4 protein chains.
Amino acid sequence: MGYMLDDLVAKFRPYTDHGRVAGYIPELLKANPQDLGIAIYDRHGHIHTSGAVQSKFTLQSVSKPFALALALMDHGPEGVFSRIGMEPTGDSFNSLMKLETFSSLKPVNPLVNAGAIATTALIKGSCAEEKFSRLINFIRSLAPSCYVGFNADVYRSESLTGDRNRAIAYFLRDIRAIDGEAEECLDLYFRQCSIEVDCVTLAALGLSLSVLPPEFCVIPPLYARIIRTFMFTCGMYDASGEFAIKVGIPAKSGVSGAIMGVVPNKLGLGVYGPALDIKGNSVAGVALLQALCSREDWAIL
Amino acid sequence: MGYMLDDLVAKFRPYTDHGRVAGYIPELLKANPQDLGIAIYDRHGHIHTSGAVQSKFTLQSVSKPFALALALMDHGPEGVFSRIGMEPTGDSFNSLMKLETFSSLKPVNPLVNAGAIATTALIKGSCAEEKFSRLINFIRSLAPSCYVGFNADVYRSESLTGDRNRAIAYFLRDIRAIDGEAEECLDLYFRQCSIEVDCVTLAALGLSLSVLPPEFCVIPPLYARIIRTFMFTCGMYDASGEFAIKVGIPAKSGVSGAIMGVVPNKLGLGVYGPALDIKGNSVAGVALLQALCSREDWAIL
Amino acid sequence: MGYMLDDLVAKFRPYTDHGRVAGYIPELLKANPQDLGIAIYDRHGHIHTSGAVQSKFTLQSVSKPFALALALMDHGPEGVFSRIGMEPTGDSFNSLMKLETFSSLKPVNPLVNAGAIATTALIKGSCAEEKFSRLINFIRSLAPSCYVGFNADVYRSESLTGDRNRAIAYFLRDIRAIDGEAEECLDLYFRQCSIEVDCVTLAALGLSLSVLPPEFCVIPPLYARIIRTFMFTCGMYDASGEFAIKVGIPAKSGVSGAIMGVVPNKLGLGVYGPALDIKGNSVAGVALLQALCSREDWAIL
Amino acid sequence: MGYMLDDLVAKFRPYTDHGRVAGYIPELLKANPQDLGIAIYDRHGHIHTSGAVQSKFTLQSVSKPFALALALMDHGPEGVFSRIGMEPTGDSFNSLMKLETFSSLKPVNPLVNAGAIATTALIKGSCAEEKFSRLINFIRSLAPSCYVGFNADVYRSESLTGDRNRAIAYFLRDIRAIDGEAEECLDLYFRQCSIEVDCVTLAALGLSLSVLPPEFCVIPPLYARIIRTFMFTCGMYDASGEFAIKVGIPAKSGVSGAIMGVVPNKLGLGVYGPALDIKGNSVAGVALLQALCSREDWAIL
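Model, not experiment: these values are computed from the prediction. (Residues numbered from 1 in each chain as written. Chains lettered and ligands numbered in written order. Predicted model: local features only at pLDDT ≥ 70, side-chain atom pairs only at ≥ 80, totals over all residues.)

Looking at the overall build of chain A
A count of helical and extended segments in chain A gives twelve helices and ten strands. In terms of C-alpha radius of gyration, chain A reaches 18 Å, essentially the compact-globule figure of 19 Å for 301 residues. Counting only C-alpha atoms, chain A reaches 55 × 40 × 35 Å along its principal axes. Split into buried and exposed, the 301 residues of chain A put 61% on the buried side. (Helix = DSSP H or I, 4+ residues; strand = E, 2+ residues; numbered from the N terminus. Rg over C-alpha atoms; globule rule 2.2 N^0.38 Å. Buried ≥ 20, exposed ≤ 12 C-beta atoms within 10 Å, placed from the backbone.)

Pasting the structure below:
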């Protein structure tokens, strides 16, 4: 497996030339656009890696499935889905339009920014500090002995430049889709996006969403299934449909260049390649995953 | 299995009271709203049925996956997806809005009406008659020794009342998303919707989209996988996301009350219950499938 | 006045280089892009002209105010505005989006295509032939002893290529915004667009919408005021707001390059210049009108 | 005149029963829903009043034309309209949708909230305090010897509950339609909305936008004409088109129940009636103005 991964990384690293590092959060521009790395964490605890696996990067949108997991554990599916919809959408991740035309006045799903901010707002805690502690400790419990840090520079950068997310949060307040203070909720959201990991952590987190024997499940199996389903239908921004067809596994991408994949019953995947395509997904990472999943016949359908 | 199906049909038939037979095509109003039936066709050729399996009904939107299969066989994925997108959408099935705001000027996917009409327009043939012959014979070849007829009354009714579909077809012409005559394309589309089947046919068609040994595949395996993926992400109108989470299998519904389901590697499902919920799906049929798939643990994720 | 008009035409004819003749109706491409002409018809019956006043051209959207006048005379304001809205819109003339998001399911106003087609559908008559006779004779009565013809080539060209308008008409049928057959209504609409005039006719038609002594009014004064108001708020496609500010008079443009202007209490203006800007208005015609209205202080506000 | 106004106020006060005081800013709920008052300020300095003319109320959206006037005086039309559009819109006042679909990424016009916030952001000053001083002093100079105060309770109430406006401001920042801090700009916007006047002030302000002899003009005549045009095409929220047709004068309404009207060359109108219709306009105020303008033949077209 390791040998094959080296071949794949070598083959797809040149694809990084076709993408660009995310510029809308200045701090992200510091990433090396030619990085490409992959880690596989299988259910027997074996780890295979290749490429830029020493690079650290922030979770960004890859944090959304875990905020959702915690919100589900705090409120149950009914509590969560009375506030947030379940439907995929072809819109881009930061669209406000759907909010306004949807008669239901709910964000469409927990993986677009609007739904993710509303999900984060559901995490329980007496104060922002406690909520964030709960979330990062929860993530650490899913990837024990893996690197889980916090990038304060990215957090400050996001917080300073997050005008679109602020617009979304205040809009959510206006339509009563979130209850607390917009700024407190945004602060928690910017923090969750700034949690720092590496490829192995990402693969371990992917494994935590696989179908595991009950004794290994931190996330209740039903909730993990819900999350895998959202990842499959809307985990890759407005390229989710294309990814489902061409790659065929549940995955979640972030604008840091991270992609977390899940091969149910088998393993978790962590990919990092900060050069992004126009939809916000790692250009080399998607190509590498397509080749790997095709070769290993991992598509779920 | 047969005994359990009888129990499920008995349990969920009262749900038909919560829905209404589709009224927008007058001919469909003749259906018995209390009908509920199910057929299972497994890969070993065993058939289990219960309830209104003698009822005949038209495919309506359940025809879309098969028009897509034929278009894929005629033009390959690149030919099809240069004209039609791959992204799911939270919009209702007959929305025009996405057409106008999408910069790409492609219908979003082959299972919304706009994309389905554009897909049908790709079916090869020297004339409308030949195109329809190819399609209905193709469907017959997927469900040999099952009932596949044509309901001329429904066809006339659709043709007379299909103003929304006409609006979509002319819009598609205007943006050059279809090449031929709008009326000829619509005529073929109304005919494919009017193909008549029963629950057993529906289950056999579902099986034809399962993962079958190559010698049994009429639809090439790669295309069947593409179709299953579209069914999973957008087969149930704007309840597709909710269905994926609550039921968890690829399925396609039609406003006649039909639902065709696929349990990969195992079997095909045919459900009929013409009383619809507000999204256009069989209200009792969805509930029955949710109970059945949960009990049998058929969810793919 | 005549001398000044010659100066203005000479000054603004070079602006025709910055526009393009409408290509979406092939027959319109035959126009000479360098044509620029103007006629003024004042309330005392004096006519001043300059430039391409011998050129003949079709009314296109300039026909909309007169279909509205006839619909108002046939049904009264309540009858008309129960079916068609009164609000201006920043959308382009052939937008469908507003139709779908407006909860009222009425086209926004009588001067966008959707509203204009719904207005035309209100013209009384036992058959399409009679309806068209009524409309063209009505227009002739407003511009007696002026040229009012019919361009059969343009009509055929519109009819063959009017996919967008067909989409709109069928959509209007679907939402019950028109009662009759879509094709019959479209046929009348394509005919009204194909009525042929010259600059002097256009100026006479503009005068008919001015504030005239009652004995000269074919159009009842209240209805003329309604029409002038629509022309002011939405007569120049999605440049109506800019035209209201920069030129400041009620006007209606057509994609043939026609602009009909009204200076209340004073005169009617007919301008022709088929080279259009990207919003569909005569590029030299708008510039000429801006200079003329500014020099003569004709802005109504 | 005074006698007629008393009759009109008596006749239309019962209409206040058909409306409701704006509830989205809690402080506004304190208004007396049965209030109805009118003041007329003519160009000779004569004032006629009737009804609740002693009531004080905040300008709310009636402040928008004056922020626009100051922005025009600070930057000229080119400076303003490079950032803000000129087109009317049928959308409601607080819509975000247009922002997202407009390719130009400019708010559509200066009288919808998005455009008004962007206009306010253009007012010059070294700090928020100075900007507000300039604006309120400017308004005082337009209505000398009239009451112009500031309602600190309304300001605090708006500031606390202005989530929709915050969403708009951050969205404007995100698309680079405003340069400064969103919160500073919002603070100035909430303050301008909280400037307090009475009917006579409102009428004097209306007169300041009329066509006045140059020696009386604080606002340069060209800018006053621009503002009157915007008021005519988009001054009454998404009832602007209907108001233009039925009443026919430039006017601007606010959710406090204020309506400021302009009869060019003649007079200014100040109406107050806090019971609003569903579009946000004073229900009795609009009816009174329709009757008055019809009787006096004040419609501009």
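As for the sheet that holds strand S2 (residues 37–42) of chain A
Residues and elements named next belong to chain A. Here five strands make up an open sheet; going across it, the order is S3-S2-S9-S8-S7 and the pairing antiparallel. Two strands close off the open sheet at either side, each with one partner strand: strand S3 (47–51) and strand S7 (251–253). Strand-to-strand twist of the sheet, defined as the mean angle between neighbouring strand axes without regard to direction, takes the value 10°. Alignment of strand S8 (residues 258–263) against strand S9 (residues 267–272), held across six bridges, turns out to be antiparallel. Looking at S9, one finds that Ile 259 is bridged to Val 271. (Pairing = 2+ DSSP bridges. Axes fitted to C-alpha atoms, helices over the stretch in contact; angles between N-to-C directions.)

Some thoughts on the pairing of S2(A)
Residue and element names in this part refer to chain A. Within S2, five of the six residues are buried, which leaves the element mostly enclosed by the surrounding structure. Sheet topology places S2 next to S3; five bridges connect them, and they run antiparallel. Among the inter-strand pairings, Gly 37 is bridged to a residue of S3, identified as Gly 51. Note: S2 against S9, six bridges, orientation antiparallel. Pairing of Ala 39 across the sheet is with Gly 270, part of S9.

Here's the deal with the interface of chain B and chain A
It is common to give the size of an interface as the accessible area that goes away when the parts come together. Listed per partner, the contact involves 26 residues of chain B and 26 residues of chain A. A total of six residues in the side of chain B that touches chain A trace back to one element, the largest contributor, which is helix H10 (residues 221–234) of chain B. Residue composition of the side of chain B that touches chain A, grouped by class: twelve nonpolar, eight polar and six charged. (Contact = placed C-beta atoms within 7 Å. Nonpolar A, V, L, I, M, F, W, Y, C, P; charged D, E, K, R; others polar.)

Considerations on the relation of the copies chain B and chain A
Taken as rigid bodies, chain B and chain A are interconverted by a rotation of 180° and an axial shift of 0.0 Å, the fit giving an RMSD of 0.0 Å. When the rotation and shift are considered jointly, the pair of chain copies conforms to a two-fold rotation axis. By C-alpha distance to the rotation axis, the residue of chain B lying nearest is B:Thr89, at 2.1 Å. A shared binding surface is used by both copies, with 100% of the interface residues of chain B retained as interface residues in chain A. (Least-squares fit on C-alpha atoms with pLDDT ≥ 70 in both.)

Thoughts on the sheet that holds strand S7 (residues 251–253) of chain D
Within a sheet, neighbouring strands are paired by backbone hydrogen bonds and run either parallel or antiparallel to one another. All names here are of chain D. Spatially, S3-S2-S9-S8-S7 is the arrangement adopted by the five strands of the open sheet, whose pairing is antiparallel. Edge positions in the sheet fall to strand S3 (47–51) and S7, since each of these pairs with one other strand and no more. Here the strands of the sheet are splayed against their neighbours by 10° on average, with no regard to which way each runs. On top of the sheet, helix H9 (residues 199–208) reaches strand S2 (37–42), S3, strand S8 (258–263) and strand S9 (267–272); it is set at about 145° to S9, its chief contact.

Some words on unusual backbone geometry
A positive phi angle is found at A:Gln60, which is not glycine, with a value near 50°. Along the chain, A:Gln60 turns up in the loop between strand S4 (57–58) and helix H2 (64–81). Taking the number of C-beta atoms within 10 Å as the measure of exposure, A:Gln60 has 24 and is therefore buried. With phi around 60°, C:Arg176 is a residue other than glycine that occupies positive phi space. You can see C:Arg176 is positioned in the loop between helix H7 (163–174) and helix H8 (182–193).

Let's talk about helix H1 (residues 2–12) of chain C
In an α-helix there are 3.6 residues to a turn, and that puts residues three or four apart on one side. All names here are of chain C. Listed as buried for H1 are Leu 5, Leu 8, Val 9 and Phe 12. Across the axial projection of H1, the buried residues extend over an arc of 100°, all falling on one side. Residues of H1 that are exposed and angled more than 90 degrees away from the buried face: Tyr 3, Asp 7 and Ala 10. Buried-residue contacts for H1 involve strand S2 (37–42), strand S3 (47–51) and helix H12 (283–296). (Arc of directions from axis to C-beta.)

Quick look at the environment of D:Ala22
All names here are of chain D. With respect to the secondary-structure elements, Ala 22 resides in the loop between strand S1 (20–21) and S2. Distance from Ala 22 to Lys 64, taken between C-alpha atoms, is 18 Å for residues 42 residues apart in sequence. Ignoring any residue separated from it by four or fewer positions in sequence, one finds Ala 22 in contact with Leu 28, Val 255 and Leu 276.

Side note on the confidence of the model for chain A
For chain A, the mean per-residue pLDDT works out to 93, and 95% of the residues sit at or above 70. Interface predicted TM-score (ipTM) for the complex: 0.94; the corresponding pTM is 0.93. (pLDDT = per-residue confidence, 0-100.)

Overview of the packing of H2(A) against helix H5 (residues 128–142) of chain A
Residues and elements named next belong to chain A. Contact pair H2 / H5: the axes reach a minimum separation of 10 Å and the direction vectors enclose 110°. By the criterion of interaxial angle, the relationship of H2 to H5 is roughly perpendicular. For the pair H2 and H5, the contacting residues are Phe 66, Ala 67 and Leu 70 in the first and Arg 134, Leu 135, Phe 138 and Ile 139 in the second. Among the residues making up the contact of H2 with H5, the classes are represented as six nonpolar, no polar and one charged. (Parallel < 35°, antiparallel > 145°, perpendicular 65-115°, else oblique.)

Remarks on helix H9 (residues 199–208) of chain A
All names here are of chain A. Along H9, ten of the ten residues are buried, which leaves the element largely enclosed by surrounding structure. Buried residues of H9: Cys 199, Val 200, Thr 201, Leu 202, Ala 203, Ala 204, Leu 205, Gly 206, Leu 207 and Ser 208, and no others. Packing partners of the buried residues in H9 comprise S2, S3, H5, strand S6 (195–197), S8 and S9.

Focus on the packing of helix H4 (residues 113–120) of chain A against helix H7 (residues 163–174) of chain A
All names here are of chain A. Their axes nearest at 10 Å, the elements H4 and H7 cross at an angle of 65°. Of the two possible hands of crossing, H4 and H7 adopt the one that is right-handed. Across from Asn 113, Ala 114, Ile 117 and Ala 118 in H4, the residues of H7 making contact are Asn 165, Ile 168, Ala 169 and Leu 172. (Left-handed = near helix turned anticlockwise from the far one by under 90°.)

Remarks on the environment of C:Lys246
Residue and element names in this part refer to chain C. With respect to the helices and strands, the residue Lys 246 is situated in helix H11 (residues 240–246). Lys 246 gets classed as partly exposed once you count the C-beta atoms within 10 Å, which come to 19. As for Lys 246 and Ala 299, which are separated by 53 residues in sequence, their C-alpha atoms are 8.8 Å apart.

So, the environment of A:Cys193
Residues and elements named next belong to chain A. Structurally, Cys 193 is set in helix H8 (residues 182–193). Using a count of 28 C-beta atoms within 10 Å as the deciding quantity, one classes Cys 193 as buried. Residues in contact with Cys 193, not counting those within four places in the same chain, are Thr 58, Leu 59, Gln 60, Ser 63 and Glu 158.

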